[in-house]
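This is what each chain is made of:
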Amino acid sequence: MSGVIVTGPPKADPKDVDALAAFGVATVSEAMGRTGLLGPEIRPIQQGVRVAGTAVTVLSWPGDNLMIHAAVEQCGEGDILVVTTTSPSTDGMFGELFATALQRRGVRGLVINAGIRDTQELREMGFPAWSRAVCAQGTVKATGGSVNVPVAVDGQVIRPGDVILADDDGVVVVPRERACAAAEASQAREVKEAKARAAFLDGQLGLDRYGLRDTLKRLGVEYRSYEEYEADASDAGESS
């Protein structure tokens, strides 16, 4: 497998990245039309942490972390390293030593579509990570790959410089050209949800606030008293 290391790719504006960091993964995905989510198998190794940054992408051979070493050189302040492999892998391709080097360069976290290890040490040093697996199995450094090329994770294309937002709920990718619009849409959604939250605290039901009673009626869902329901069930049993 040959490859390429692309230097100096375009990146989302830092102010848009910081704006997106104020919102949760679910909010941003919903604001973008329920798009951008990586699959639920990629989970955080810590809790209560949210990060946003620009993607530095890595395409590696499974069980081989050579290209992660190459990617460290391409990482800088405000980046998030995104690693995937050419075929499924759960080997522990990333650990505390990589995190030490990345943290020194101002990298905000890791998303890896493979395995990770040294999770206790990563939590202790405050380096957040999201991975498909936790596995102590080591790797080799023997096969070429690519850095800063478009990669696909769970059907989502991630390009270098796109925004990665990650929290306890998972990971979402925001195309760099849409970062500003996504932040604005997320803010509008937050305002809308704040009004709904206040209404629910005041006792209003979602059925009424969102006009869902008409939806139930249109779908043929009926209200029946317990006595009516039991009588209908009894009649149905006798006729069977």
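A few points on the structure. Bear in mind the structure is a predicted one, so any value in this text is a computation, not a measurement.

## What to know about a nonpolar patch on the surface
There is a patch of nonpolar side chains on the surface, built from Phe-200, Tyr-210 and Leu-212 and spanning about 270 Å² of accessible area. Mapped onto the secondary structure, Tyr-210 falls in the loop between α7 (206-209) and α8 (212-218). Judged by relative accessible area, Tyr-210 falls into the partly exposed class, the value being 46%.

## Overview of the side chain of Ser-89
Summarising the element assignment, Ser-89 is placed in the loop between β3 (79-85) and β4 (92-94). Among the polar contacts listed, one links the side chain of Ser-89 to the backbone nitrogen of Asp-91, at a separation of 3.4 Å. In contact with Ser-89, not counting residues within four places along its chain, are Pro-62, Gly-63, Asn-113, Ala-114 and Gly-115.

## So, the packing of aromatic side chains
The tally for this structure, following the rule as stated, stands at 3 aromatic pairs. With a centroid separation of 5.5 Å and an interplanar angle of 20 degrees, the aromatic rings of Phe-94 and Phe-98 are classed as stacked. Per residue, the accessibility class of Phe-94 equals that of Phe-98, and both read buried. When the centroid spacing of 5.9 Å and the interplanar angle of 20 degrees are considered together, the rings of Phe-94 and Phe-127 count as stacked. With Phe-94 in strand β4 and Phe-127 in the loop between α5 (119-125) and β6 (129-134), the pair connects residues that are 33 residues apart, well separated along the chain. Chaining the aromatic ring pairs together yields one cluster made of Phe-94, Phe-98 and Phe-127.

## Thoughts on the pattern of salt bridges
With the rule as written, the count across this model stands at 14 salt bridges. Residue Asp-16 pairs with Lys-15 through a salt bridge whose shortest N-O separation is 3.5 Å. The class for Lys-15 is exposed, based on a relative accessible area of 54%. Between Asp-232 and Arg-224 there is a salt bridge whose closest N-O contact spans 2.8 Å. Taken together, the salt bridges that share partners define one network made up of Glu-222, Arg-224, Glu-228 and Asp-232.

## Some details on the pairing of strand β2 (residues 51-60)
Burial within β2 is extensive, with 9 of its 10 residues counted as buried. Across 4 bridges, the pairing between β2 and strand β10 (residues 163-167) is antiparallel. Residue pairing for β10: Ala-52 is matched across the bridge by Leu-165. Remark: the β2/helix α3 (residues 66-72)/β3 crossover connection has right-handed handedness. Bridging between β2 and strand β7 (residues 146-147) involves 2 bridges; their strand directions are antiparallel. Note on β7: the bridge partner recorded for Leu-59 is Ser-146.

## Here we look at the nonpolar core
One finds Leu-81, Phe-94 and Leu-110 to be the most contacted residues of the largest nonpolar core, which totals 25 residues. Considering every element that reaches this core, the biggest residue donor is α3, with 5 residues. Dropping the residues within four chain positions of it, Phe-94 is found in contact with Ile-68, Leu-81, Ala-99, Leu-102, Leu-110, Ile-112, Gly-115, Ile-116, Arg-117, Leu-122 and Phe-127. If you look at the next biggest cluster of nonpolar residues, it comprises 16 residues, including Leu-38, Ile-42, Val-111 and Trp-130.

## Some remarks on helix α6 (residues 179-201)
When the terminal C-alpha atoms of α6 are compared, their 32 Å separation across 23 residues agrees well with the 33 Å that a helix rising 1.5 Å per residue should span. Every buried residue of α6 is listed here: Ala-179, Ala-182, Ala-183, Ser-186, Ala-196 and Ala-199. Where α6 is buried, its residues contact α1 (14-20), α2 (25-31), β10, β11 (170-174) and α7.

Parameters at a glance
- Residues numbered from 1 in each chain as written.
- Predicted model: local features only at pLDDT ≥ 70, side-chain atom pairs only at ≥ 80, totals over all residues.
- Heavy atoms only, no water.
- Patch = residues over 30% accessible without salt bridge, like charges linked within 9 Å, V, L, I, M, F, W, Y side chains within 5 Å.
- Areas by Shrake-Rupley, 256 points an atom, 1.4 Å probe, with all protein chains shown as cover.
- Salt bridge = Lys/Arg side-chain N within 4 Å of Asp/Glu carboxyl O.
- Helix = DSSP H or I, 4+ residues; strand = E, 2+ residues; numbered from the N terminus.
- Buried < 20%, exposed > 50% of the residue type's maximum accessible area, 1.4 Å probe, protein only.
- Polar contact = N/O pair within 3.5 Å; in protein donor to acceptor, adjacent residues only side chain to side chain.
- Contact = heavy atoms within 4.5 Å.
- Phe/Tyr/Trp six-rings, centres within 6.5 Å; stacked < 30°, edge-to-face > 60°.
- Pairing = 2+ DSSP bridges.
- Right-handed = clockwise from strand over helix to strand, strands pointing away.
- Core = buried A, V, L, I, M, F, W, Y, C linked by side-chain atoms within 4.5 Å.
- Expected span 1.5 Å × (residues − 1).

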